[in-house]
Amino acid sequence: MDKFAIQGGVPLEGEIAVSGAKNSALPALAACLLTSEAVTLDRIPPVRDIATMERLLEHAGARVVVDGERVTVQAAVIEHPEAPYDLVKTMRASSLVLGPLAARCGRARVSVPGGCAIGARPINLHVSALESLGATIHQEHGYIEARAPQGLKGGEVRFDRITVTGTEDLLMAAVLASGETVIHNAAREPEVVDLAALLIKMGARIEGAGTSVIRVTGVERLRGAEHRIIPDRIETGTFLAAGAITRGDLTVTGCEPEHLGAFLAKLREAGVEIAKPSATAIRVRVPGKLQSADVTTEEHPGFATDLQAQFMALMTQAEGISILTETIFENRFMHALELARMGANIRLDGRRALVAGATTLSGAEVIASDLRASASLVIAGLAAHGETLIDRVYHIDRGYEKIETKLAGVGARIRRIS
Ligand code: EPU
């Protein structure tokens, strides 16, 4: 298993480029199952979760051609409308193929995802949404089987709570359902908007993506299209936190500042100076001391749960007590215990973490427990005295493209030990 070795204390300086959004690329790849024609997606980040999704598409019978960041998928015929356990167990987002397969083939068989480090993560909302479109669903032998032999029928769906991939799954089912579907309490994440943009290019009729009510008028078939995935807002936020914690002068390029409103506001509150040298770049510097800031994670446009761990690492270097409240996942503080091993003063109280700073971090051996927790350990390692050794970096490889190479390019002393 690979590790990262980081020598902390070097201010990050220069420009660092972001990749395409993993969480946008995943549903976009799943959407390729909706048409027999070729779909070409650009700015697909070559990270492990994407490779897993590509294997899923191939398992279903699609041809996948990868040319750098351009990926062309053609699902001329779907041979196996299913997502087997060995792929689903490594990536929960595999459930994103449930909607498209049910819509295209009238049946789908998807392994039920198990637990995950950050919480229970059920897919009951995906299932009941599909039932509202007329699918019959059974669970047996660890698989969910959806059947709609006469095709799906549009309907009214009101999600009990906001779900990002649940909204995406339903959207992909509704575009080929007969009649109109109205999705209430839909997720408003930029990744949902990006998926809708792709589906519209493929011929879908969708209104309201980016708001909490999405209306879809089903069409008989979709066609091929070309689409460029949005920049990764979580990778952007991760780099901004890294620049700030090292008190560097870092410009993140190729990003979409509008997708990071709540996060940028909290960085400012913490004393980070933020400039936008261009429409697609954000520059961070820290002119004085960092100050504590409280954060409550929320659905978009609130503060993203996927940036909570990275912000916690930053707050270990801020004066005062920061209260971080996690409302989306019940167990997303695994990084706190590892940060404490590096000298952070953090107390956990249910869904709240109290971070008292500023503390001096010292390099230690730590273990990455999930994707964003690993990112927070990298950020902490960049600010710590001495060497930090991060074990199980396969978690970070799931969602960050060559993070060590990118960070080394702006001065970080980080290397991969294979
Ligand atoms: N939930 C249910 N039932 C469902 C679906 C969700 O109870 O059927 C609950 C979840 O347990 C959670 C809440 O609803 O408590 C919200 O979960 P959501 O469904 O929105 O999460 P997701 O779609 O599984 C996506 C991202 C996550 C990100 C969350 C929240 C992808 C592939 N994943 O997950 O990204 O944290 O939205 O924004 O888009 C990551 O990239 O590290 C990551 C975990």
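The structure under discussion appears in the preceding block.
Note that residues are indexed from 1 along each chain, following the sequence as it is written. It should be noted that, the model being predicted, local features are given only for residues of pLDDT at least 70 and side-chain atom pairs only at 80 or more, the latter also being counted only at that level, while totals for whole chains, interfaces and linings use all residues. Heavy atoms from the whole structure form the basis of all side-chain values; hydrogens and water molecules are not counted.

With respect to the overall build of the protein chain
- A run of H or I in DSSP counts as a helix once it spans at least four residues, and a run of E counts as a strand once it spans at least two, with each numbered from the N terminus. Within the protein chain, the regular secondary structure consists of 14 helices and 24 strands.
- Restricting the calculation to C-alpha atoms gives the radius of gyration, and the globule rule supplies 2.2 Å times the number of residues raised to the power 0.38. Computed over C-alpha atoms, the radius of gyration of the protein chain comes to 21 Å, within 12% of the 22 Å expected from 2.2 N^0.38 for 418 residues, which places it in the range of a compact globule.
- Along the longest, intermediate and shortest principal axes, the C-alpha atoms of the protein chain span 65 × 40 × 40 Å.
- Looking at the protein chain residue by residue over its 418 residues, the buried ones come to 58%.
- Considering only intrachain contacts with a sequence separation of at least 6, the fraction spanning at least 24 residues in the protein chain is 74%. For each residue, the accessible area found with a 1.4 Å probe, counting protein chains only, is set against the maximum for its type, and the residue is called buried under 20%, exposed over 50%, and partly exposed in between. Whether two residues are in contact is decided by their heavy atoms: any pair within 4.5 Å suffices.

Here we look at the site of the ligand
- In the vicinity of the ligand, 23 residues are found, and the nearest of them are Leu125, Thr163, Thr165, Asp306 and Ile328.
- Between the ligand and Arg372 there is a distance of 2.8 Å, counted from an oxygen atom to a side-chain nitrogen or oxygen.
- For the shell around the ligand, the secondary-structure elements that each account for two or more residues are helix 1 (22-31), helix 5 (124-132), helix 6 (164-174) and helix 12 (371-383).
- The residue classification treats Ala, Val, Leu, Ile, Met, Phe, Trp, Tyr, Cys and Pro as nonpolar and Asp, Glu, Lys and Arg as charged. All others, Gly included, are polar. When its residues are assigned to classes, the shell around the ligand shows 11 nonpolar, six polar and six charged.
- Domain borders in the structure are assigned automatically or taken from a domain database. Built from parts of two domains, the shell around the ligand gets at least three residues from each of domain 1 (3-16 + 231-417) and domain 2 (26-228). Nearness is judged by heavy atoms alone; a residue qualifies as near a molecule or strand once a single heavy atom is within 4 Å of it. Nitrogen and oxygen atoms within 3.5 Å of one another constitute a polar contact, given that in protein one can donate a hydrogen and the other can accept it, and given that sequence-neighbouring residues count only through two side-chain atoms.

Brief notes about the packing of aromatic side chains
- Aromatic contacts are taken between Phe, Tyr and Trp rings whose centres are within 6.5 Å, Trp giving its six-membered ring; a plane angle under 30 degrees counts as stacked, one over 60 as edge-to-face, and the others as tilted. Here the structure, examined in full by the defined rule, presents three aromatic pairs.
- Ring centres 5.7 Å apart and planes at 50 degrees place the aromatic pair Phe263 and Phe303 in the tilted group. Of this pair, Phe263 sits in helix 9 (residues 261-269) while Phe303 sits in the loop between strand 18 (295-296) and helix 10 (308-315), and the two are 40 residues apart along the sequence.
- Taking relative accessible area as the criterion, Phe303 reaches 4% and is therefore assigned buried.
- A centroid spacing of 6.2 Å and a plane angle of 75 degrees characterise the contact between Phe263 and Phe311, whose relative ring orientation is edge-to-face. You can see Phe263 sitting in helix 9 and its partner Phe311 sitting in helix 10, a full 48 residues away along the chain. Summarising the burial analysis for this pair, Phe263 and Phe311 share the class buried.

Re the sheet that holds strand 4 (residues 63-67)
- If you walk across this open sheet you meet the four strands as 4-5-3-14, and the pairing is mixed. Of all strands in the sheet, those with a lone pairing partner are strand 4 and strand 14 (225-228), marking the two edges. Taken over all neighbouring pairs, the strand axes of this sheet differ in orientation by 15 degrees on average, direction set aside.
- In this sheet, strand 5 (residues 70-74) lies alongside strand 4 in antiparallel orientation, the contact comprising five bridges. Paired with Arg63 across the bridge in strand 5 is Gln74.
- Between the N-to-C directions of two axes lies an angle of 0 to 180 degrees, each axis being a line fitted to C-alpha atoms and, for a helix, fitted only over the stretch in contact. On the sheet, helix 7 (residues 190-201) packs against strand 3 (38-42) and strand 14 and is oriented at approximately 160 degrees with respect to strand 14. At least two DSSP bridges between two strands are required for those strands to pair.

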